[in-house]
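# Fold and contact review
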Amino acid sequence: MKIHEYQARSLFESAGIPVARAGIAQTPSEARAVAEKLGVPVAVKAQVHVGGRGKAGGVKLANTPSEVETAAREILGMKIKGSTVRTVLVMEKVDIAQELYLGMVFDRDHRGYTVIASSAGGIDIEEVSAKTPEKIHRVFVHPVQGFSPHQAREVAFRLGVPKKASLEIARTLVLLHRVFVQTDATLAEINPYVVRPDETTVAIDAKMNFDDNALFRQKSVESMRDTGEEEPLEVEAKNADLAYVHLGGDIGIIGNGAGLVMTTLDVVTAAGGKPANFLDIGGSSSPEKVRRAMEIVLKEPGLRVIFINVFGGITRCDDVANGLVQVFKKMNVPSPIVIRMTGTNVDQGMKILNDSGLNLKTFPTMQAAAKEAARLAKP
Amino acid sequence: MSILVDSRTRLIVQGITGRDGSFHARQMIDYGTNVVAGVTPGKGGTRVDGLDVPVFDTVREAVEAAQANASVIYVPASASADAILESADAGVQLVICITEGIPVNDMLRVHHLLAGGNITIVGPNCPGVISPGKCKVGIMPGFIHKPGRVGVVSRSGTLTYEIVYALTQAGIGQSTCVGVGGDPVIGSKFTDLLPKFEADPDTDAVVLVGEIGGADEEEAAAWYTRSPRRIRIVAFIAGVSAPPGKRMGHAGAIISGGKGTAKDKIETLMNHGIPVASDTSQIPDLVKKVPG
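Definitions and cut-offs
Residues numbered from 1 in each chain as written. Chains lettered and ligands numbered in written order. Predicted model: local features only at pLDDT ≥ 70, side-chain atom pairs only at ≥ 80, totals over all residues. Heavy atoms only, no water. Helix = DSSP H or I, 4+ residues; strand = E, 2+ residues; numbered from the N terminus. Buried < 20%, exposed > 50% of the residue type's maximum accessible area, 1.4 Å probe, protein only. Contact = heavy atoms within 4.5 Å. Areas by Shrake-Rupley, 256 points an atom, 1.4 Å probe, with all protein chains shown as cover. Lys, Arg positive; Asp, Glu negative; His and termini not counted. Charge placed at Lys NZ, Arg CZ, Asp CG, Glu CD. Buried area = accessible area lost by both parts, 1.4 Å probe. Salt bridge = Lys/Arg side-chain N within 4 Å of Asp/Glu carboxyl O. Polar contact = N/O pair within 3.5 Å; in protein donor to acceptor, adjacent residues only side chain to side chain. Domains from an automatic or database assignment. Expected span 1.5 Å × (residues − 1). Pairing = 2+ DSSP bridges. Right-handed = clockwise from strand over helix to strand, strands pointing away. Axes fitted to C-alpha atoms, helices over the stretch in contact; angles between N-to-C directions.

## Focus on the overall build of chain A
Secondary structure summary: chain A contains 13 helices and 18 strands in total. Considering chain A as a whole, with its 379 residues, one finds that 56% of them fall into the buried category. Considering only contacts in chain A between residues 6 or more positions apart, those separated by 24 or more positions represent 68%. Accessible surface, chain A: about 16,000 Å² in total, of which carbon and sulfur atoms supply 50%. Side chains of chain A carry 46 positive and 44 negative charges; the gap between the two charge centres is 2 Å.

## Section: the interface of chain B and chain A
Taken together, the contacts link 60 residues of chain B with 47 residues of chain A. Here chain B meets chain A over a buried area of about 4,000 Å², counting both sides, of which 60% is carbon and sulfur. In this assembly, chain B and chain A are joined by 4 salt bridges. Asp106 of chain B is the partner of Arg217 of chain A in a salt bridge, and the nearest nitrogen-oxygen pair spans 2.8 Å. Counting across the interface, chain B meets chain A through 19 residue pairs in polar contact (both at pLDDT 80 or more).

## Structural notes on the domain arrangement of chain B
All names here are of chain B. Partitioning chain B into structural domains gives domain 1 (1-125) and domain 2 (140-292). Each of domain 1 and domain 2 was reduced to a C-alpha centroid, and the two centroids are 25 Å apart. Taken residue by residue, the interface counts 15 residues in domain 1 and 21 residues in domain 2. Roughly 1,600 Å² is buried in total at the junction of domain 1 and domain 2, and carbon and sulfur atoms are behind 58% of that figure. The largest contributions to the domain 1 side of the interface with domain 2 come from Met1, Ile3 and Asn125, which together make up 38% of the buried area. Counting across the domain 1 and domain 2 interface gives 0 salt bridges. Inspection of the domain 1/domain 2 interface yields 6 residue pairs in polar contact (both at pLDDT 80 or more).

## Some points on the domain arrangement of chain A
Entries for chain A in the domain assignment read domain 1 (21-92), domain 2 (98-222) and domain 3 (231-377). Spacing between the C-alpha centres of domain 2 of chain A and domain 3 of chain A amounts to 43 Å.

## Some details on the environment of Phe12 of chain A
All names here are of chain A. If you trace the backbone, Phe12 turns up in helix 1 (residues 5-15). Classification of Phe12 by relative accessible area gives buried; the value is 0%. Residues Phe12 and Ala203, spaced 191 residues apart in sequence, show a C-alpha to C-alpha distance of 8.9 Å. Ignoring any residue separated from it by four or fewer positions in sequence, one finds Phe12 in contact with Ile17, Val19, Leu176, Val179, Ala188, Glu189, Ile190, Asp205, Ala206, Lys207 and Met208.

## Let's talk about helix 5 (residues 158-169) of chain B
All names here are of chain B. With 12 residues, helix 5 should reach 16 Å at 1.5 Å per residue; the first-to-last C-alpha distance of 16 Å fits that figure. Turning to helix 5, its buried residues are Thr158, Leu159, Thr160, Tyr161, Glu162, Ile163, Val164, Tyr165, Leu167 and Thr168. At the C-terminal side of helix 5, Gly171 shows a positive phi close to 85°.

## Section: the pairing of strand 18 (residues 360-363) of chain A
All names here are of chain A. Summarising the sheet, strand 17 (residues 337-343) and strand 18 pair through 4 bridges and their orientation is parallel. Note that in strand 18 the partner of Val338 across the bridge is Lys361. For the crossover that starts at strand 17, traverses helix 12 (residues 346-354) and ends in the parallel strand 18, the hand is right-handed.

## Regarding unusual backbone geometry
The omega torsion of the bond from Val40 of chain A to Pro41 of chain A falls at 0°, within 30 degrees of zero and hence cis. Mapping Pro41 of chain A onto the fold places it in the loop between helix 2 (28-38) and strand 2 (42-46). At the junction of Asn191 of chain A and Pro192 of chain A, the peptide bond is cis and its omega measures out at 10° in the coordinates. Checked against the element boundaries, Pro192 of chain A lands in strand 10 (residues 185-195). Notably, Gln67 of chain B is not glycine yet its phi reads approximately 45°, a positive angle. In this structure, Gln67 of chain B sits in the loop between helix 2 (59-66) and strand 4 (70-73). Backbone geometry at Asn125 of chain B places phi at a positive 60°, although glycine is not the residue there. In this fold, Asn125 of chain B is placed in the loop between strand 6 (120-122) and strand 7 (128-131).

## Focus: the sheet that holds strand 8 (residues 135-138) of chain B
In spatial order, the strands read 8-7-10-9-11-12 (chain B); together these 6 strands make up an open sheet with mixed pairing. The open sheet terminates on both sides in strands that have one partner only, identified here as strand 8 and strand 12 (232-238) of chain B. Neighbour-to-neighbour, the strand axes of this sheet turn through a mean angle of 15°, independent of strand direction. Sheet analysis places strand 7 of chain B next to strand 8 of chain B, joined by 4 bridges and oriented antiparallel. Counted as the bridge partner of Ser131 of chain B is Cys135 of chain B from strand 8 of chain B. Contacts from helix 9 (residues 258-270) of chain A reach strand 11 (205-211) and strand 12 of chain B, with the element oriented near 75° to strand 12 of chain B.

## Structural notes on the pairing of strand 15 (residues 277-280) of chain A
For a regular strand, side chains alternate in direction, first toward one face of the sheet and then toward the other. Residues and elements named next belong to chain A. Alternating residues of strand 15 divide into Asn277 and Leu279 and Phe278 and Asp280, and every residue in both groups is buried. Relative to strand 15, strand 13 (residues 243-246) is paired through 4 bridges, and the arrangement is antiparallel. Following the sheet pairing, Ala243 is matched in strand 15 by Asp280.

This is the structure:
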């Protein structure tokens, strides 16, 4: 799960990390009021989950309260990579001697975490990693042993900043680790973290992502979810306990099991089709789940065909087929439906589908079904 | 022979009084698995309808009373990490965790607390382990399998069934099929299981079913060419068309920072001499063809 910069900033602030003074606004006049309280000049920053907002014109400097109002008017309502800006963060302008990158990520390959610090702040860390890897310093953090201040100092002293600043940075890294672990984060990033001319330091950006599996015990994190930033159908599917990914093509895909659905997308793509979505109804395939899945897929704009791919295991193919027929008889499905089924009692299952009187196209192999789905999707 | 589970497996079901636990306990017993005890804290001394299996409050009691040597976990995600640690503390050597949705931090802790110990963890978020004809531990449909000499290791559930079913239909039986799980942090990776198959005289070849995300397939490829190997490997990778940055159902199936793409995995596997099927229907033929 992702959150906005202003939300991550407040988590950092509560953890004791120095952050630039700031406030949020939903209207230009609120933005002006925040700026008047903070004192100008300020930066007005669009709050969206996608990256690259600076390049898109979503961050503006303002020197007077009326400039703040103008900047906020321009940014609010702006579309950045499909996200509409509904909130801006108005932040004091900080004097900068040096910009750094500080971050911590879940490190899957080493089954732990990695703290990352770089003297090249303010730019995309992956770009730094590709072009000037010598400017990136990493330290592995053991999930049980934790992260000691001396480990933080070791990284901080490698950044080539004044000693006073290094000690502050080490303290920030320790606090970043603490908030990361306490909130079940998978990423915490400050880019840039600023060294001021007087050698004090401050965060002027904040980013955090979280482990979806841990949200059951992170209610305050979950309350920060902004569903306006997520695909509406993905939100609806999540509420129905289905795994859904919007992909934008015209062939709706439903299957049981993540690996099988992923493979279905691959086969459809190889056949020249464009999947509209990924939808996993789970290992079993109850009629109720199929019905909910159909309701969501049918909302995909531009849908031309539905391709259902089911493996009948403990729930045998004949049971799955009976469930499908029961669902389709009650629903008015405007798009053609292609079904591929395999597993236990596949012949009985196919017979049930073919004898149902419904307009279902059944195939024994994924490849043949995918080819037909791609053909039907052609305008 | 086979790996991990066989006729000597004496199994505990953690969460046996729950809906999934009781259903699958029955399925496993019907398959012939020796389910010796169940555990649900607070339900010790009770019975599960229609099951002739004693229920205990703790794994330790179950191990002592029934000489169990393996455990399968069907408890909710919030309690699963502790369930694994409880089995480990009670001396169980093999723990298979079916539960989906366990927080990453919980599995990191479990992994590091138990690393280097005399215990094998399979999963979480997996279908389990089956040695056809001998023992089934998990949620897979037993009757699609057939005893034989091909091992299967997979990050997937139904996709594995699909492939196993195709193997069985083609007359190719399996020694042991292991679902390693779809999470980013799992107990046993491909590289933990391949050496066990290599050491099993009754396994000739292994079908490796991978997917986008992580580097477990690349590690498996490197293991394969590190020394001469007796077993042959055939692979399949799901997610060739998956977009970056999107979690494709499994928590671990995500291309992040440009890493973990199916294309890279397929290239690496092929560079290490492992044939990769471009679709699942080719797998039986590839298995028949691999030089052995």
